[in-house]
Number of protein chains: 2
Amino acid sequence: MRYAVLGTGIVGRTVAARLVSLGHEVVIGTRDPGATSARTEYAEWQQAHPQVALAPFADAARHGEVLVNATGGQVSVAALTEADAEHLDGKVLIDIANPLDFSRGFPPTLDPVDDDSLGELLQRTFPALRVVKTLNTMNCQVMVEPARVPGEHSVFLSGEDADAKKSVRELLYSFGWPEASVLDLGGIESARGTEMLLPIWLRLMGTLGHTDFNFHIQGASAGD
Amino acid sequence: MRYAVLGTGIVGRTVAARLVSLGHEVVIGTRDPGATSARTEYAEWQQAHPQVALAPFADAARHGEVLVNATGGQVSVAALTEADAEHLDGKVLIDIANPLDFSRGFPPTLDPVDDDSLGELLQRTFPALRVVKTLNTMNCQVMVEPARVPGEHSVFLSGEDADAKKSVRELLYSFGWPEASVLDLGGIESARGTEMLLPIWLRLMGTLGHTDFNFHIQGASAGD
């Protein structure tokens, strides 16, 4: 499958590397490939991952049959606007971002929050996309290698399109997620709930001193 | 121990009954005991729990060495104001409520949310209290009988006073919570994170069709 991963941060790079390891063709999208390549951190990563191409958002989106939103939540709309409407039509957008707002320092707040969500905002702004919110409730290494966290734990799905959710499910299985760990919460509105897990996630990261943890909904499956 | 449980709804009654079963003396506080007693639901419960007294907020607070806030989050400040400052001095308030705002229908939003919390609001408004936020992330029957949910699952503690948190820990153990399930998140500010679990909790209730589930932080303890 051809993937476009939007965003060059640690989340985007981690997902891109995993997709490549599974045999997918991946282009990472960024605003200014020259500026991204000039960053030492990215250049070093690029050298270790020569199969991943770097391109402007629009070229990446044209390449991708499936798009992954790994941009910062505050710039996601801008990134997808640059990606160009003609390259979005009917495509699945896997939204793994959170609308963290660091403008008042750490810990960040969320914007939007409570009566709206980034997932809904993207679906509303880009109705041609089929947005599936998932994976946004954990560290990026856990996203692509769930066995880092011992025991059963959960990954959530929110979205309006059943086929899109089915294809994202298959991708999660290929990442190593057991079928029973995938909890479909329903429509994209349910992204409000998963995005609102971020404040306690950040607090737990501080308390536990590591990021290899995850939420498990105990009592959710017949096997519990 | 003498407890005052503020609030006559299902949450307050469930906790009051459990406290009585453990040998504590419990008075339930309400605005207008006459009106509460006239409600069929309450009257029937009262008949089944004759050991629990019903009294105005101020009398209940005077009785209690420890207070439990089981009022609706939108009226908690009003209830504690009626409880009278002189009856609060130095006491532990176990805040198990959530600031659910149903004014725009279901699902409710939260008020305050994100950059404030009910736990902080109560601590700020009533500085003589030692507020410990806990148990607000699950159904009330799970609060007092955690074994209803199979497997390990988590209960969070937030608060400024170490002694108060220690005494609340002991109460949780007496309810049946294993020591490893109690996660101390730090100061009362961390109540923001636990209160923001409510939207996904409500969504999960709808998806799963029951309330015998709970959050477990997988990877939090050495034993995981």
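Because the structure is a prediction, the values reported are computed rather than measured.

1. Notes on the pairing of strand β2 (residues 25-30) of chain A
Residue and element names in this part refer to chain A. A large share of β2 lies buried, amounting to 5 of its 6 residues. Two strands pair when backbone bridges link them, and strand β1 (residues 2-6) and β2 are joined in this way by 5 bridges, in the parallel orientation. Pairing of Tyr3 across the sheet is with Val26, part of β2. Between β1 and its parallel partner β2, the chain crosses via helix α1 (residues 10-21), and the hand of that crossover is right-handed. Two strands pair when backbone bridges link them, and β2 and strand β3 (residues 53-56) are joined in this way by 4 bridges, in the parallel orientation. Looking across to β3, one finds that Val27 is bridged to Ala53.

2. A short note on the packing of aromatic side chains
Residue and element names in this part refer to chain B. Counted under the stated rule, the structure contains 6 aromatic pairs over all chains. Look at Tyr42 and Trp45: their rings are 5.6 Å apart centre to centre, the planes differ by 50°, and that puts the pair in the tilted class. Taken together, the residues Tyr42 and Trp45, both in helix α3 (residues 40-48) and 3 residues apart, mark about one turn of the helix. Of the two residues examined, Tyr42 and Trp45, each falls in the buried class.

3. Brief notes about α1(A)
Turn by turn, an α-helix covers 3.6 residues, leaving residues three or four places apart pointing in a common direction. All names here are of chain A. Between its first and last C-alpha, α1 extends 16 Å over 12 residues, near the 16 Å set by a 1.5 Å rise per residue. What α1 keeps buried is the set Gly12, Arg13, Thr14, Val15, Ala16, Ala17, Leu19 and Val20. Against β1, β2, α3 (40-48), β4 (66-69), α7 (140-144) and α8 (162-175) lie the buried residues of α1. In the segment just after α1, Gly23 is the residue with positive phi, at about 95°.

4. Section: the relation of the copies chain A and chain B
For the pair chain A and chain B, the best superposition has an RMSD of 0.0 Å and corresponds to a rotation of 180° with a translation of 0.0 Å parallel to the axis. Here the two chains are linked by the operation of a two-fold rotation axis. For chain A, the residue whose C-alpha comes nearest the rotation axis is His216(A), separated from it by 2.5 Å. The fraction of interface residues of chain A whose copies in chain B are also interface residues reaches 100%, indicating that both copies meet through the same surface.

5. Here's the deal with the pattern of salt bridges
Enumeration over the complete set of coordinates arrives at 28 salt bridges over all chains. The salt bridge involving Asp116(A) is made with Arg124(A); its shortest N-O contact spans 2.9 Å. The partner of Glu195(B) in a salt bridge is Lys133(B), and the shortest N-O contact between them spans 2.7 Å. Highlighted residues: Glu195(B) in helix α9 (residues 191-195) and Lys133(B) in strand β8 (residues 130-134), separated in sequence by 62 residues. For the residue pair Glu195(B) and Lys133(B), the accessibility class agrees, reading buried in each case. Counted as one network, the salt bridges with shared partners bring together Asp95(A), Lys133(A) and Glu195(A).

6. Observations regarding the interface of chain A and chain B
On the chain B side, the residues contacting the 41 residues of chain A number 41 residues. A combined buried area of about 3100 Å² lies between chain A and chain B, and 63% of that area is made up of carbon and sulfur atoms. It is Ile200(A), Arg203(A) and Gln218(A) in chain A that bury the most area against chain B; as a group they hold 21% of the surface buried on that side. In this structure, the salt-bridge partner of Arg104(B) is Asp115(A), at a minimum N-O distance of 3.4 Å. Across the contact surface, chain A and chain B share 15 residue pairs in polar contact (both at pLDDT 80 or more).

7. Considering unusual backbone geometry
Working note: non-glycine residues mostly have negative phi, and peptide bonds are mostly trans. The residue after Asp111(A), namely Pro112(A), is reached through a cis peptide bond having omega 5°. Summarising the element assignment, Pro112(A) is placed in the loop between β7 (109-110) and α6 (118-125). For the bond from Phe106(B) to Pro107(B), the omega torsion is -5°, close enough to zero to count as cis. Tracing the sequence through the fold places Pro107(B) in the loop between β6 (100-101) and β7 (109-110). Phi angles above zero are rare outside glycine, and Asp84(A) is one such case at about 85°. Along the chain, Asp84(A) falls in the loop between α5 (76-83) and β5 (92-95). With a phi angle near 65°, Leu135(A) is a residue other than glycine that sits in the positive phi range. Within the secondary structure, Leu135(A) sits in the loop between β8 (130-134) and α7. Given the relative accessible area of 4%, Leu135(A) is considered buried.

8. Some thoughts on the UniProt feature "domain: Pyrroline-5-carboxylate reductase catalytic N-terminal" (unreviewed entry) in chain A
The feature "domain: Pyrroline-5-carboxylate reductase catalytic N-terminal" (unreviewed entry), as annotated in UniProt, sits at residues 3-99 of chain A in this numbering. Across residues 3-99 of chain A, helical content stands at 43% and strand content at 23%; the span's end C-alpha atoms are separated by 23 Å.

9. Quick look at the packing of helix α5 (residues 76-83) of chain B against helix α6 (residues 118-125) of chain B
The description of two packed helices rests on the angle between their axes and on the distance between the axes. All names here are of chain B. For the pair α5 and α6, the least separation of the axes is 10 Å and the interaxial angle reads 25°. In terms of their interaxial angle, α5 and α6 are classed as roughly parallel. Here α5 runs over α6; the crossing is right-handed. Across from Ser76, Val77 and Leu80 in α5, the residues of α6 making contact are Leu118, Leu121, Leu122 and Thr125. Taken together, the residues of the contact of α5 with α6 break down into 5 nonpolar, 2 polar and no charged.

10. Notes on the sheet that holds strand β4 (residues 66-69) of chain B
Residues and elements named next belong to chain B. Strand order in the open sheet formed by 8 strands is β3-β2-β1-β4-β5-β8-β9-β10, with mixed pairing between adjacent strands. The open sheet is flanked by β3 (53-56) and β10 (182-186), the only strands paired with a single partner. When the angles between neighbouring strand axes are averaged without regard to direction, this sheet yields 25°.

11. Quick notes on the layout of surface pockets
Residues and elements named next belong to chain A. A volume near 690 Å³ is recorded for the largest pocket. If you go around the largest pocket, you meet 35 residues; those closest to its centre are Val11, Ala70, Thr71, Gly72 and Leu100. Within the residue set of the lining of the largest pocket, elements represented by two or more residues are α1, β2, α5, α7 and α10 (198-208). When residues in the lining of the largest pocket are grouped by element, the largest group, 4 residues, is from α10.

The rules we used
Residues numbered from 1 in each chain as written. Chains lettered and ligands numbered in written order. Predicted model: local features only at pLDDT ≥ 70, side-chain atom pairs only at ≥ 80, totals over all residues. Heavy atoms only, no water. Buried < 20%, exposed > 50% of the residue type's maximum accessible area, 1.4 Å probe, protein only. Helix = DSSP H or I, 4+ residues; strand = E, 2+ residues; numbered from the N terminus. Pairing = 2+ DSSP bridges. Right-handed = clockwise from strand over helix to strand, strands pointing away. Phe/Tyr/Trp six-rings, centres within 6.5 Å; stacked < 30°, edge-to-face > 60°. Expected span 1.5 Å × (residues − 1). Contact = heavy atoms within 4.5 Å. Least-squares fit on C-alpha atoms with pLDDT ≥ 70 in both. Salt bridge = Lys/Arg side-chain N within 4 Å of Asp/Glu carboxyl O. Buried area = accessible area lost by both parts, 1.4 Å probe. Polar contact = N/O pair within 3.5 Å; in protein donor to acceptor, adjacent residues only side chain to side chain. UniProt positions renumbered as here; feature names shortened; annotations may be inferred. Axes fitted to C-alpha atoms, helices over the stretch in contact; angles between N-to-C directions. Parallel < 35°, antiparallel > 145°, perpendicular 65-115°, else oblique. Left-handed = near helix turned anticlockwise from the far one by under 90°. Nonpolar A, V, L, I, M, F, W, Y, C, P; charged D, E, K, R; others polar. 1 Å grid on protein atoms, 1.4 Å probe; cavity = no way out; pocket = protein on both sides within 12 Å on 5 of 7 lines; lining within 4 Å. Points joined across faces, edges and corners; volume = space filled by probe spheres on them.

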